[in-house]
Each structure stands twice: as structure tokens, then as C-alpha cells.
Amino acid sequence: MTRTLHVSRDLYANGQRFLAGGVSSDARRTAGVPLYVDRAQGARLWDVDGNSYVDYVLGQGPALLGHCPAPVVAAIADQAARGMVYSAQHAAEVRVAERICAMVPSAERVRFNTVGSEAVHGALRLARGYTGRSKILKFEGHYHGWLDPVLYSVHPAVDAAGPAQAPVAVPGTAGQQPGHSDDLIVCPWNDLETLTGLMARHAGQIAAVIAEPVLCNTGAISPDPGYLEAVRRLCDEHGTLLIFDEIITGFRLAPGGAQERFGITPDLSVFGKAMAGGMQVSALVGRAAVMDHISTGKVAHAGTFNSQPVGIAAAEATLRILDERREEVYGTLYERGEELMEGLRAAAAKAGVPMLVDGPGPVFQTYFTDAPAVRDYRDFAATDRAKMARLQAALLDRGVNMVPRGLWFMSTAHTTADVDATVDAFAGALRDL
């Protein structure tokens, strides 16, 4: 099956004249013609050439309720007619902050931003301002935005990344200020012995440990049993703040995010993506004692579009559904995710293709590997990522859209019929390879 892409090719050719690289985000770079979407509804996309896709990218995760859910669209339209930016306070931001504090275990105070990178930047500044320390410990393979201080050791070349138990900080781009790595400690994920040693070696220097509680930017890697509990305990012992980057996991794994699912309460958390149904809203939340360093003005936090009314209206409509219909929403997400994971496993087994399908369900990963598990970045790097990229292209030709590195996002709009069609397309794509 081959898609018709005449309009898309013309757009890409023209786009390369005016857009750097022909796209507006490096995450959208492809080996061929990128996807040009005309419209989206529910669990489907239609491109400018009229091709239809079952969508498991969902805007990189935000469309938890599917594309264009009616209550969110209505809230956006209503607010847009009343004003799109005020540079002033409004009632909806108070209501949304109150609901977040009720839903999220770590949330006693809230500050809004527009995108995840901003919220992470605010969390790190706040952690340093609160503790008076400069160093941040991050985990290899974890992504915390594209800003200079944390764009290190996300997907480094293994031969440049140092020993597995002693990773070095590998910059993610040309142009980063080299001094940032002086205050960054990189640790392998799911390795408690190494983490314990690093915390002891840098005792009294580490302001915060930051982590994706489920590593979704490198596969969909869950913490080992007891690992997050141990991280929390080590942070307490060393007077170090624990920051959960829940930009992806927040409101996707549970109404209160991964911290609710695992029963571990960080000091600070950042949320985005799924919280506003597709609008650009993020949030920095945390313990009052820490967040009040912003309240007093000791730590600066600002932004013209913070709590932008249209985005907040979308967040209010989205969070109301996730909160008040939680059993229906999360029951559907987990059930449909498990159905699809089992179908993909069966298709791979029937084709005789070594494949691991793993993850919580509302988000999961497919890996080309014969390994029984993927526990950290080095395990992920050993999988056949080039073959995964070819699979993604083959699936697009068969009307299925997934994240090129093999990540799948589920929504409440996906149906059993969508799952069945996807498994059939997946089996066909494996034959194509």
C-alpha cells in the first residue's frame, strides 16, 4: 500500500525555502516527506492529500481524550470570544490550580507556564534557590526539555557516553555553554548502587534529583520495584529535592500522574501535554515550603503567556473530565492499551520477529530486540532503532501513525475496531520489512 503525497511533497519543497530544515521542530524531521495534517478528530488524522491515519502520536501525548473533544473545543471557543490574553489574573486560573492541588499528591502551590521546557527551567531554578546548592543530578536517557542546562545525555552515542556505571555529560547540540555540565551529574537509570555512591560523593552539593518517573523519552521504561522509594529516601537523607518530570506521565497514568500510580511524592513536579487537551499549558507544582520562595519573590518566575486564558479554559475542561470521570477514562486507557500491546506481541510472534512490547498501557514502547527487558538507556541503545524507523514508515503507508522511535500513546477515543485495524496493519508492516 502506498500513500498519495503530491500535495505534501509540494508543501515540503516550498517549506524548505522558508522554514529552517522545512519543519518547525527537530522532532518532526524525517528521512522523507513529513506528515502534513489537514485535520484531526477523535483517534484519527487526515493529511493534506486525503490519507487517513489511526493516530498514536496524539500530538506527542496531549490528546488524551482524542483530538478535538467537544467539551474542550467549546471551552476554547467560549473563552476566545471573551479574550485571549489579559496580562492580568482571572478566575479560571484559580479554579484550575485548586483542582490540580486536589488531584496531584505533590501539589500545594502551582505556577503556570506554556511549555514543558519552561516549567523544568523554573523547577531547577527554584531548587537551587531553595537549597542554596548548584548541582543537579539527572539520569541518562531522560529528557527535560531543549534548554541548555539539561540537554545532556539524552540519546548520546554510546562510544562517547563513558562507562555504563559512570556516564559522562554529553551535550545534545552545538552551541550549548560548556559550563552548564560542571553543575550536572549524570547517573544511569534503575541503578541504585551507582546513585547511592554519587549522592554520597557529592553530599551537600546537589540541589535536586530530576527524573521522568517512567522514562518515556527513551522507550517506556518503568522504575524497578522499590527504586523510586529508594530515590526518595536518598533525597531526604541528603537534603536534596526530588523533582518528577511528569510532562508525559502527568494525567496520563492516573489523575495524579505517576506519583499517584507509584505512591511516591516528590518535592516539585512539572506537568504539561495531557493537562489541557492539546493547548499549550504547563505547570510547576510542589510543596508550599518550596514554592513559597516564588511567592516571596526570592526566586523569580514570570511570563507574558503564563495562565493564558484560552489555554487555561482548555485545562479546566480537560481536568474536569479526568477528575470527575476518572474510572471511565483510565479504565478505557488501560484496557485499550493492553488490548493493543497484546495484539502487537501476537503479530510479532506470528511473524517470527524478536520484539519487546512494554510499558504501562496508556503509553508503551515497541523495541526490536530479543532481550527480555529494557531497563535503561544503554539497553535501549542496543535495540534496532534503524529498523524501528523503517517500521514507522511502513505503518504510515498502511494508515497508522506512531512516534518514530517506537512509542505509542493511547486515547479514550481509540476503539476496539481501531486496535484490530492497527494490529492488521502492524502484521503487514512487519512483512514489508
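Starting from 1, residues in each chain are numbered consecutively following that chain's sequence as written. With pLDDT at 70 or above as the cut-off, local features in this predicted model cover only qualifying residues; side-chain atom pairs require 80 or more to be listed or tallied, and sums for whole chains, interfaces and linings still use all residues. To get the side-chain values, all heavy atoms of the structure are used, and hydrogens and water are removed first.

Got a sec to walk through the packing of helix 12 (residues 385-397) against helix 13 (residues 416-432)? Specific residues and values, please.
It is the contact of helix 12 with helix 13, at a shortest axis distance of 9 Å, that shows an interaxial angle of 125°. With respect to helix 13, the element helix 12 is oriented oblique. Crossing angle aside, the handedness with which helix 12 passes helix 13 is right-handed. Contacts between helix 12 and helix 13 involve L391, A394 and L395 on the former and, on the latter, A425, F426, A429, L430 and D432. Angles run from 0 to 180 degrees between N-to-C directions of axes, and those axes are lines fitted to C-alpha atoms, restricted for helices to the stretch in contact. Strands are runs of DSSP state E lasting at least two residues, helices are runs of H or I lasting at least four, and both sets are numbered from the N terminus onward. Angle categories are assigned with fixed cut-offs, so that under 35 degrees is roughly parallel, over 145 is roughly antiparallel, 65 to 115 is roughly perpendicular, and the rest are oblique. If you view the pair so one helix is near and one far, a crossing is left-handed when the near helix is turned anticlockwise from the far one by less than a right angle, and right-handed when it is turned clockwise. When checking whether two residues touch, look at their non-hydrogen atoms; a contact exists if any pair is within 4.5 Å.

Lay out the side chain of S282 in plain terms, naming residues and giving numbers.
Mapping S282 onto the fold places it in strand 10 (residues 282-286). Judged by relative accessible area, S282 falls into the buried class, the value being 0%. Reaching out from S282, the side chain makes a polar contact with the backbone oxygen of V115 at a distance of 2.8 Å. Discounting residues that sit within four places of it in the chain, S282 has contacts with R111, F112, N113, T114, V115, G116, A119, F271, G272 and M275. Between buried and exposed lies partly exposed: a residue is buried under 20% and exposed over 50% of the maximum accessible area for its type, with that area taken using a 1.4 Å probe on protein chains only. N or O atoms closer than or at 3.5 Å make up a polar contact, with two conditions inside protein: a donor-capable atom paired with an acceptor-capable one, and, for residues adjacent in sequence, both atoms drawn from side chains.

Account for the nonpolar core, naming residues and giving values.
Residues belong to one nonpolar core when they are buried, are Ala, Val, Leu, Ile, Met, Phe, Trp, Tyr or Cys, and are joined through side-chain atoms within 4.5 Å. Membership of the largest hydrophobic core comes to 70 residues, with the highest contact counts inside it found for I100, F112, F251, M275, L391 and W408. For this core, the element with the most residues is helix 10 (residues 326-351), which contributes nine residues. If we ignore the near neighbours within four places in the chain, the residues touching W408 are Y56, L340, L344, P362, V363, F364, T366, L395, V400, M402, T422 and F426. Formed by 27 residues, the second largest nonpolar core is a distinct cluster that contains L234, C235, F244 and I264.

If you had to explain a nonpolar patch on the surface to someone new, which residues and values would you point to?
By definition, no residue in a patch forms a salt bridge, and every one has over 30% relative accessible area; like charges are joined within 9 Å, nonpolar side chains (Val, Leu, Ile, Met, Phe, Trp, Tyr) within 5 Å. Surface accessibility follows the Shrake-Rupley procedure with a 1.4 Å probe radius. Residue values consider only the protein chains on display as shielding. Put simply, a salt bridge is a Lys or Arg side-chain nitrogen that is within 4 Å of an Asp or Glu carboxyl oxygen. Taken together, M84, V85 and F305 make up a surface patch of nonpolar side chains, about 310 Å² in accessible area. For M84, the position within the fold is in the loop between helix 2 (70-82) and helix 3 (91-103). Classification of M84 as exposed rests on a relative accessible area of 51%.

Can you tell me about the pairing of strand 10, naming the residues and giving the values?
Of all five residues making up strand 10, five are buried, and the element is well covered by its neighbours. Side-chain alternation along strand 10 places S282, L284 and G286 on one buried face and A283 and V285 on a second face that is also buried. Across five bridges, the pairing between strand 4 (residues 109-113) and strand 10 is antiparallel. Bridge pairing in strand 10 places F112 opposite A283. In this scheme, strands are said to pair when DSSP sees at least two bridges between them. In terms of strand pairing, strand 9 (residues 268-271) meets strand 10 through four bridges, oriented antiparallel.

Any details on unusual backbone geometry? Residues and values, ideally.
Note: most peptide bonds trans; most residues except glycine with negative phi. Look at S87: it is not a glycine, yet its phi comes out positive at around 50°. Counting through the fold element by element, S87 comes out in the loop between helix 2 and helix 3. The exposure class of S87 is exposed, given its relative accessible area of 67%. If you check the backbone angles, K273 has positive phi at about 40° while not being a glycine. Assignment of secondary structure puts K273 in the loop between strand 9 and strand 10. For K273, a relative accessible area of 26% translates into the label partly exposed.

Break down the pairing of strand 11 (residues 355-358) for me, citing the residues and quoting the values.
Direction of pairing for strand 11 relative to strand 12 (residues 363-368): antiparallel, over a ladder of four bridges. Across the sheet, L356 pairs through a bridge with Y367, a residue of strand 12.

I'd love a proper account of the packing of aromatic side chains, names of residues and values included.
Between the rings of Phe, Tyr and Trp (Trp by its six-membered ring), a pair exists once the centres lie within 6.5 Å; its type follows the angle of the planes, with under 30 degrees stacked, over 60 edge-to-face, and the other angles tilted. A complete count under the given rule lists nine aromatic pairs for this structure. When the ring of F364 is compared with that of W408, the centres are 5.8 Å apart and the planes differ by 10°; the resulting orientation is stacked. With F364 in strand 12 and W408 in strand 14 (residues 407-409), this residue pair connects regions lying 44 residues apart in the sequence. The criterion for a charge sitting over a ring is simple: Lys NZ or Arg CZ within 6 Å of the ring centre, and within 35 degrees of the ring normal. Above the plane of the ring of W46 lies R39, whose end atom (NZ or CZ) is 4.0 Å from the centre.

Give a description of the environment of V329 that names residues and reports values.
Relative to the helices and strands, V329 resides in helix 10. In sequence terms V329 and L64 are 265 residues apart; their C-alpha atoms lie 9.2 Å from each other.

Could you give an account of helix 5 (residues 192-201), naming the residues involved and the relevant values?
Regarding helix 5, the residues found buried are T194, L195, L198 and M199. Seen end-on, helix 5 carries its buried residues on one side only, within an arc spanning 130°. Facing away from the buried side of helix 5, by more than 90 degrees, are the exposed residues E193 and R201. Where helix 5 is buried, its residues touch strand 5 (135-139), strand 6 (184-187), strand 7 (206-211) and helix 6 (227-238). Structurally, the start of helix 5 carries an N-cap: the backbone nitrogen of E193 is 3.4 Å from a side-chain oxygen of D191. Note that the arc is computed from the directions linking the helix axis to the C-beta atoms.

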